[in-house]
Each structure stands twice: as structure tokens, then as C-alpha cells.
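Next come the chains, spelled out residue by residue.
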Amino acid sequence: KAGVTQTPRYLIKTRGQQVTLSCSPISGHRSVSWYQQTPGQGLQFLFEYFSETQRNKGNFPGRFSGRQFSNSRSEMNVSTLELGDSALYLCASSGGLLAGTETQYFGPGTRLLVL
Amino acid sequence: KQEVTQIPAALSVPEGENLVLNCSFTDSAIYNLQWFRQDPGKGLTSLLLIQSSQREQTSGRLNASLDKSSGRSTLYIAASQPGDSATYLCAVISRRETSGSRLTFGEGTQLTVNP
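Residues numbered from 1 in each chain as written. Chains lettered and ligands numbered in written order. Predicted model: local features only at pLDDT ≥ 70, side-chain atom pairs only at ≥ 80, totals over all residues. Heavy atoms only, no water.

Caption draft 1: How the structure looks around the interface of chain A and chain B. Between chain A and chain B, the contact holds 26 residues from the first and 23 residues from the second. In this assembly, chain A and chain B are joined by 0 salt bridges. Applying the counting rule to chain A against chain B returns 5 residue pairs in polar contact (both at pLDDT 80 or more). (Contact = heavy atoms within 4.5 Å. Salt bridge = Lys/Arg side-chain N within 4 Å of Asp/Glu carboxyl O. Polar contact = N/O pair within 3.5 Å; in protein donor to acceptor, adjacent residues only side chain to side chain.)

Caption draft 2: Structural detail: the pattern of salt bridges. Residue and element names in this part refer to chain A. As enumerated under the stated definition, the model contains 7 salt bridges over all chains in all. Among the salt bridges present, the one from Arg55 reaches Glu48, with a minimum N-O distance of 2.6 Å. Judged by relative accessible area, which is 21%, Arg55 ranks as partly exposed. Where salt bridges share partners, they join Arg63, Glu82 and Asp85 into one cluster. (Buried < 20%, exposed > 50% of the residue type's maximum accessible area, 1.4 Å probe, protein only.)

Caption draft 3: Main features of the packing of aromatic side chains. All names here are of chain A. Under the counting rule described, the total for this entry stands at 8 aromatic pairs over all chains. For the ring pair Tyr35 and Phe106, a centre distance of 5.6 Å and an interplane angle of 45° mean the geometry is tilted. Remark: Phe106 occurs in strand β10 (residues 105-106) and Tyr35 occurs in strand β4 (residues 31-38); sequence separation between them is 71 residues. As far as burial versus exposure is concerned, Tyr35 and Phe106 are alike and both buried. Each ring, one from Phe60 and one from Phe64, has its centre 5.2 Å from the other, and the planes form 65°; the classification is edge-to-face. Owing to a relative accessible area of 4%, Phe64 belongs among the buried residues under this scheme. Looking at Arg55, its charged tip hangs above the ring of Phe50, at a distance of 4.4 Å from the centre. (Phe/Tyr/Trp six-rings, centres within 6.5 Å; stacked < 30°, edge-to-face > 60°. Helix = DSSP H or I, 4+ residues; strand = E, 2+ residues; numbered from the N terminus. Lys NZ or Arg CZ within 6 Å of the ring centre and 35° of its normal.)

Caption draft 4: Structural detail: the side chain of Gln34(B). For Gln34(B), the location among the structural elements is in strand β4 (residues 30-38). In this structure the side chain of Gln34(B) is engaged in a polar contact, spanning 3.3 Å, whose partner is the backbone oxygen of Gln104(A). The residues touching Gln34(B), leaving out its near neighbours within four places in the chain, are Glu102(A), Thr103(A), Gln104(A), Ser46(B), Leu48(B), Leu49(B), Leu89(B), Cys90(B), Ala91(B) and Leu103(B).

Caption draft 5: Looking closely at the state of the cysteines. Within the structure shown, the criterion is met by 2 disulfides over all chains. Across the disulfide, Cys23(A) is cross-linked to Cys91(A) (sulfur-sulfur distance 1.9 Å). Residues Cys23(A) and Cys91(A) are joined by a disulfide whose S-S torsion is about 70°; by sign, that bridge is right-handed. Here the residue Cys23(A) occupies a position in strand β3 (residues 19-24), and Cys91(A) occupies one in strand β9 (residues 87-94), the gap between them amounting to 68 residues. Cys91(A) carries the same exposure label as Cys23(A), and that label is buried. Through a disulfide, Cys23(B) is tied to Cys90(B); the S-S separation comes to 1.9 Å. The chirality of the disulfide connecting Cys23(B) with Cys90(B) is right-handed, given an S-S dihedral of about 70°. Of the two residues, Cys23(B) sits in strand β3 (residues 19-25) while Cys90(B) sits in strand β9 (residues 86-94), which places them 67 residues apart along the sequence. (Disulfide = S-S within 2.5 Å.)

Caption draft 6: Spotlight on the sheet that holds strand β1 (residues 4-7) of chain B. All names here are of chain B. Read from one edge to the other, the open sheet built from 5 strands follows the order β1-β3-β8-β7-β6, with strand pairing classed as antiparallel. Because the sheet does not close on itself, it has two edges, and the strands there are β1 and β6 (56-59). Pairs of neighbouring strands in the sheet enclose a mean axial angle of 15°, with direction left out of account. Sheet topology places strand β7 (residues 62-67) next to strand β8 (residues 72-77); 6 bridges connect them, and they run antiparallel. By the bridge assignment for β8, Ser65 is matched with Thr74. (Pairing = 2+ DSSP bridges. Axes fitted to C-alpha atoms, helices over the stretch in contact; angles between N-to-C directions.)

Caption draft 7: Representation of the pairing of strand β11 (residues 110-114) of chain A in the model. All names here are of chain A. Residues Thr110, Leu112 and Val114 of β11 are buried on one face, while the alternating residues Arg111 and Leu113, pointing to the opposite face, are not. Bridge count between strand β2 (residues 10-13) and β11: 4 bridges; the pairing is parallel. Paired with Ile12 across the bridge in β11 is Leu113. Here β9 pairs with β11 via 3 bridges, running antiparallel. Looking at β11, one finds that Ala87 is bridged to Leu112.

Structural data, given as C-alpha cells:
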């Protein structure tokens with residue numbers, strides 16, 4: 001079974017631009033969560049989607065948004081990029097039906113650098 | 001608000017040594033606790049998942065225990081090898097903070113196993 005895939009793997013943007021990251025979950029998984037990882041803040045939860053609906057949201061500004069498609073693939077968008085948005089963005093997938101009890105599987109991440 | 005702490009922040013041991021990594025969490029109302037490993041610049045690899053009703057889980061040279069009442073978990077690594085060098089993260093899913101699969105992470109323990 002293929003693992004969680006994320007594209008692109010690396011991205012360089014300038015302040016003020018917007019960016020879209022993509023995550024394809026393990027086949028059959030319906031829950032996709034997004035996390036931001038920085039040296040100073042560690043891993044922080046952004047949001048979770050299940051069956052095309054946002055099920056949970058972390059404490060990030062509205063510049064961070066996401067969506068999920070009918071095939072469970074998810075995209076995350078960051079508008080008006082700031083230097084502090086430079087981070088490794090990770091997505092995780094799980095079955096989703098037994099929320100809270102399932103193993104979550106992470107993708108390799110997208111490394112975003114904002115100049 | 002759930003907080004997860006990992007001690008020590010860094011650990012360096014000679015090859016072959018048995019070692020213990022510690023994780024504590026402030027709110028014992030959890031669904032599960034999961035241990036991950038992260039290699040530099042990479043995504044997270046799931047190691048072990050312990051449900052809130054379980055006391056321990058084992059996989060190969062790894063054994064994780066959970067004491068929910070005291071808010072503690074330990075990851076025991078037997079006969080450590082240089083390939084075990086990585087950052088180890090623990091994460092919990094809190095019953096009070098989510099209806100889904102939101103993980104709250106510790107800061108991690110950076111392990112170095114010297115040949």
C-alpha cells in the first residue's frame with residue numbers, strides 16, 4: 001500500500017505570495033490532518049478534514065485554509081505569506097471513522113521557505 | 001489545555017545500551033498516545049500506538065508503556081544501534097480538545113547512538 005504523499009517537496013516563495021500544498025492520503029483513509037513544524041514552536045496542528053468537512057481547527061490565522069476533495073486528497077493554502085510561515089508542513093492520514101483511536105501516518109512533508 | 005513534555009531533550013549513548021525516553025502529559029483524558037520517530041528533514045514514522053485502555057505495546061526492540069492516571073509514558077529501546085539515532089516524539093489525542101484526530105506533540109528527544 002502506498003504511503004502518504006505530499007507535493008511539492010520543496011518550495012521557495014517571497015513575502016506576500018500565496019502557496020498551495022497537496023496531500024494524498026493512504027488509499028481508503030478519509031481523514032487528513034495538517035501540521036506545521038518549526039524549530040521554535042515544534043509541531044502544531046493546523047486543521048483536520050474528514051469526508052470533505054473540516055472536523056478540527058487549530059489556532060492559526062485565517063490566512064491558512066484547506067479543503068478536501070471527494071477522493072480524500074487534501075490541499076492547504078497559505079495566502080499573503082510571511083517570513084514566519086517558513087516551516088516543514090506535514091500531513092497525516094488515518095481511517096477517520098474511529099476518530100481518536102487510530103494510528104496516524106505521516107507524509108514526508110513540504111519544506112516551505114519564504115524570502 | 002493539554003501540554004506534552006519530553007525529557008530529556010537530548011540523549012547520547014554508546015551502541016548496545018538500553019535506554020528510556022520519557023513523556024508526560026497534563027490531562028489524563030486521552031484517547032491514545034502515539035510514539036513517532038523523525039529523521040532529520042523527514043516526515044514522522046509511527047512506532048507504537050497505545051490506546052487509553054492499554055498499559056503497554058511492544059514492537060521488536062521497542063516497548064512503550066502508558067500510565068494514564070499519572071500522565072506518563074515511557075519508550076524503552078533495547079540494545080540500541082546507530083540506526084536508532086533520530087528525534088523521538090510522543091503525541092496524545094485529548095478527549096476534551098477534539099472530536100477527531102488532533103495530535104498534541106511534545107518537543108521530542110534527540111537521540112544519538114554512537115558506534
